[in-house]
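# What the coordinates show
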Amino acid sequence: MNLAYFYLLSSIVPAFHNAGAVEDKAKATKEEKFDATCPVRLETSGHCKEGEECPYQMNLPSLTIQLPKSFSMIEQVFKDVQNLKETVNNLKKSCQECKLQADDNQEMGRNDPLQPNTDAAEKESDNRIKELETEVSRLFSNLKDAKDEINSLHGRLESLNLVNMNNIENYVDSKVANLTSVVNSLDGRCSSRCSNLSGLQSNSGAITQHLLYKDCWDYYGKGQKNNGIYKVTPDPKNKTFEVYCDMETMGGGWTVMQNRLDGSTNFNRTWKDYKNGFGNLSREFWLGNDKIHLLTKSKEMVLRIDLEDFNGVKLYALYDQFYVANEYLKYRLHIGNYSGTAGNALRFNRHYNHDLKFFTTPDKDHDRYPSGNCGLYYSSGWWFDACLSANLNGKYYHQKYKGVFNGIYWGTWPGMSTGEPNGFKHSFKRAKMMIRPKFLAS
Ligand SMILES: [Ca+2]
């Protein structure tokens, strides 16, 4: 046996287990006696009978071992470990309790009829959404029906309006026809009495001449082929007046009722001015609504419009019928079918149609625009709708312009209605309106 090893073992064991710390005092005393002579002593333990094996025991001397200072901390470490163990156990315990409580709650939740579980809640929510969806589609369908109904009513209302307007127009037209026949019969009586008078004056010439020439076509028929100013008498009951005759365009014989060429005449005028006419017959002018009425009443007329822009583009529009009613009927416009190259701007579409419209000036509003006066807004006298797709009496601009579309306007002209990308608006260099009998043989 290695003695050194034995020493070590013997000293450590009591330090950890404290088991061998208490020894019987008698024994200790006996050991002390041996210390001086021999540190280790081997002897039998107790009495042994003869023939038996006797166990031996060894007594060791007391031993002191020096341990480093840090060794004392082991006790503290043990204490700390013990504390940690307790803490961990406590935590483990509380965690288990917590889990149990949570399970209990869940269990209670499932069983409590007042607290429906999540699945049921989701199902109910789904049902509610479906109900709402159904409700929404029902309302949508109702709305659609209502819209259809409104549209149909709107259509009926429009047709009623048209019917009413047509009735009124027919009534007015029949009255005008009656009046015209009365006037014509009176005219017949007058001319039969006046014929003798004119016969007496036939040699003096001038008056008879004027009675014969109702318009420029009459002059043209008598061989007058020069452009210029002539005197006409479209209605013998009314006075003779001067007109400018275009004897060149499209076969000649045209009575000019409006001309624009340099902006020398202001067309932003009153009702009275448009009634009587204004401007210079050799340059720019408006012949006058009363005169236009008489000219278009005496014969069935066609209207020709010639336009030219500042790029030198020349286009025209022809209407195979043209009549302007009297002042009592607010110089209402009647136009026939369109042909030509400039486009049908007088009858552009359902919403912009100058046919059958009354004449409006800045001081007399007969237009179809309820919120104001188109004539005032566009500085012109014209047969405004609400408001315009054509306006040949607008302001004369010498070049492209910006702002209100109040220049000479023809909506079907290339690029006219949209204007240019930089905001400039198209303007016209020349505009001319002239009339000629529809049936040239007469
Ligand atoms: Ca108006």
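For the structure itself, consult the block above.
What comes next concerns the included structure. Note that the coordinates shown come from a computational prediction; the quantities given were computed from them, not determined experimentally.

### Regarding the coordination of the calcium ion
- Around the calcium ion, the protein contributes the donor atoms D365 (OD), D365 (OD), D367 (OD), Y369 (O) and G372 (O), at 2.2 to 2.7 Å from the metal centre.
- Mapping the donors of the calcium ion onto the primary sequence yields the spacing D-x1-D-x1-Y-x2-G.
- Accessibility expressed as a relative area gives 39% for D365, which makes it partly exposed.

### Here's the deal with the environment of Y397
- Here Y397 is to be found in the loop between β12 (390-391) and β13 (409-410).
- Accessibility expressed as a relative area gives 17% for Y397, which makes it buried.
- Distance in space between the C-alpha atoms of Y397 and S427 is 6.1 Å, their sequence separation being 30 residues.
- Not counting residues up to four positions away in its chain, the partners in contact with Y397 are F310, N406, G407, S427 and F428.

### Structural notes on the packing of aromatic side chains
- Enumeration according to the criterion identifies 19 aromatic pairs in this entry.
- Note on F267 and F278: the rings are 5.1 Å apart at their centroids and 75° apart in plane angle, and the pair reads as edge-to-face. Of the two residues, F267 sits in the loop between β5 (254-260) and α7 (271-276) while F278 sits in strand β6 (residues 278-279), which places them 11 residues apart along the sequence.
- One aromatic cluster is present, built from ring pairs that chain together F267, W271, Y274, F278, W286, Y331, F359, W382 and W383.
- Between K425 and the ring centre of F405, over which it is positioned, the NZ or CZ distance is 5.1 Å.

### Quick word on the nonpolar core
- If you look at the biggest cluster of nonpolar residues, it comprises 65 residues, and the most contacted ones within it are M257, W286, I305 and W410.
- Once residues lying within four places of it in the same chain are set aside, the contact partners of M257 are F285, W286, L287, I292, L303, F322, W383, M433, M434 and I435.

About the cut-offs
- Residues numbered from 1 in each chain as written.
- Predicted model: local features only at pLDDT ≥ 70, side-chain atom pairs only at ≥ 80, totals over all residues.
- Heavy atoms only, no water.
- Donors = N, O, S within 2.8 Å, 3.2 Å for Na, K, Ca; no water.
- Buried < 20%, exposed > 50% of the residue type's maximum accessible area, 1.4 Å probe, protein only.
- Helix = DSSP H or I, 4+ residues; strand = E, 2+ residues; numbered from the N terminus.
- Contact = heavy atoms within 4.5 Å.
- Phe/Tyr/Trp six-rings, centres within 6.5 Å; stacked < 30°, edge-to-face > 60°.
- Lys NZ or Arg CZ within 6 Å of the ring centre and 35° of its normal.
- Core = buried A, V, L, I, M, F, W, Y, C linked by side-chain atoms within 4.5 Å.

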